Every structure is written in C-alpha cells, then in structure tokens.
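Summary of the model geometry
Spelled out, the chains give:
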Amino acid sequence: MENVSGAYDINVNVTNLINSNSELLFNIFSITNSIKEVDEINSLIKENWENTNEKSDISSSMTKINECVVKINDVIIPTLSKFTDTMNTLIIAHQTTAEKIVEIDAA
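Residues numbered from 1 in each chain as written. Predicted model: local features only at pLDDT ≥ 70, side-chain atom pairs only at ≥ 80, totals over all residues. Heavy atoms only, no water.

**Notes on the overall build of the protein**
Helix and strand counts for the protein come out as two helices and two strands. Element order for the protein, N to C, with α for helix and β for strand: β-α-α-β. Counted over contacts in the protein with a minimum sequence separation of 6, partners at least 24 positions apart contribute 86%. On the protein, roughly 8300 Å² of surface is accessible, and the fraction owed to carbon and sulfur atoms is 57%. (Helix = DSSP H or I, 4+ residues; strand = E, 2+ residues; numbered from the N terminus. Contact = heavy atoms within 4.5 Å. Areas by Shrake-Rupley, 256 points an atom, 1.4 Å probe, with all protein chains shown as cover.)

**Overview of the environment of Val70**
Along the chain, Val70 turns up in helix H2 (residues 57-97). In this structure the C-alpha to C-alpha distance between Val70 and Ile35, which are 35 residues apart in sequence, comes to 9.3 Å.

**Observations concerning the environment of Cys68**
The residue Cys68 is located in helix H2 in this model. For Cys68, a relative accessible area of 45% corresponds to the partly exposed category. A sequence separation of 29 residues divides Cys68 from Asp39, and the C-alpha atoms of the two residues are 9.9 Å apart. (Buried < 20%, exposed > 50% of the residue type's maximum accessible area, 1.4 Å probe, protein only.)

**Notes on helix H1 (residues 14-48)**
For H1, with 35 residues, the first-to-last C-alpha span of 51 Å sits near the 51 Å given by 1.5 Å per residue. Among all positions in H1, only Val14, Leu17, Asn21, Leu24, Ile28, Ile35 and Asn42 are buried. For H1, the elements touching its buried residues are H2. (Expected span 1.5 Å × (residues − 1).)

**Focus: the nonpolar core**
Leu24, Ile28, Ile35, Val69, Ile72 and Ile77 form the largest nonpolar core, which has six residues in total. Of all the secondary-structure elements, those providing two or more residues to this core are H1 and H2. If sequence neighbours within four positions are ignored, Leu24 has contacts with Leu80, Phe83 and Thr84. (Core = buried A, V, L, I, M, F, W, Y, C linked by side-chain atoms within 4.5 Å.)

**With respect to the pattern of salt bridges**
In this structure the tally under the stated criterion is one salt bridge. The closest approach of N and O atoms between Glu67 and Lys64, which form a salt bridge, is 3.6 Å. Taken as a pair, Glu67 and Lys64 lie in helix H2 at a separation of three residues, close to a single helical turn. (Salt bridge = Lys/Arg side-chain N within 4 Å of Asp/Glu carboxyl O.)

**Focus: the side chain of Asn21**
Considering the arrangement of structural elements, one finds Asn21 in helix H1. Ignoring sequence-local partners within four residues, the contact set of Asn21 consists of Thr84, Met87, Asn88 and Ile91.

**Some remarks on the packing of H1 against H2**
At a closest axis distance of 9 Å, the pairing of H1 and H2 adopts a crossing angle of 160 degrees. By the angle between their axes, H1 is roughly antiparallel relative to H2. In this structure, H1 meets H2 at a crossing whose hand is left-handed. Across the contact of H1 with H2, the residue classes break down as 21 nonpolar, 10 polar and two charged. (Axes fitted to C-alpha atoms, helices over the stretch in contact; angles between N-to-C directions. Parallel < 35°, antiparallel > 145°, perpendicular 65-115°, else oblique. Left-handed = near helix turned anticlockwise from the far one by under 90°. Nonpolar A, V, L, I, M, F, W, Y, C, P; charged D, E, K, R; others polar.)

**Regarding H2**
Over its 41 residues, H2 runs 58 Å from end to end, which matches the ideal 60 Å to within 8%, given 1.5 Å per residue. The largest bend along H2 reaches roughly 35 degrees and is located at Ile72. (Bend = angle between axes of the 7 residues up to and from the residue.)

See the structure below:
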C-alpha cells in the first residue's frame, strides 16, 4: 500500500454540490412518477387488449416495457438514491470541515 503525506485542500464548492444534489433528487422524483405512469398505461393496455396471442407485437412490447420498468425501479432508482445519500453525507462532512486544511503524515 502506498503511503500518502502532505496537505490537501478540502474546501469544495458546497453550494454547487447542494444544488446538484437537489436537482438529482428532483429528477429521481420525476423519473419515479413517469415510471408509475408508464406502468399504469401498461396495465391499462393489458386490461383492455383483446388479442390473447402471447407472440403478438403488443404483447412482446408490453413485456419489454415491463422489463424496463422493473430495472428502473429495482436498479436505477435505488442507485441514484444511494448516490444522493452519499452526496448528503459529503455535504455534511464538508460543512463540518469547511475551509480547513487536513495534514496527512506518512506512517
């Protein structure tokens, strides 16, 4: 493992970080609402579609749409949410150490 020493300026622009994180949170909210709408439309199509052939274009399209909805809900939204949580932690840590210099001595 490499030894690290020296002074590091940890003074980042926390205002930009807060604004970016807020924007990302809003986008997660928007994506979640849009996915709910897509899922509702998909459900309505299933309820009202009279063709029972599982190999029809509409059936295969609905299957693909559902796969996308599941991936967005199960992978993308949780990942983005974890990212925003991490950014919130960084914001709090930065505010605690704002405009300070951290000295790291080689061990």
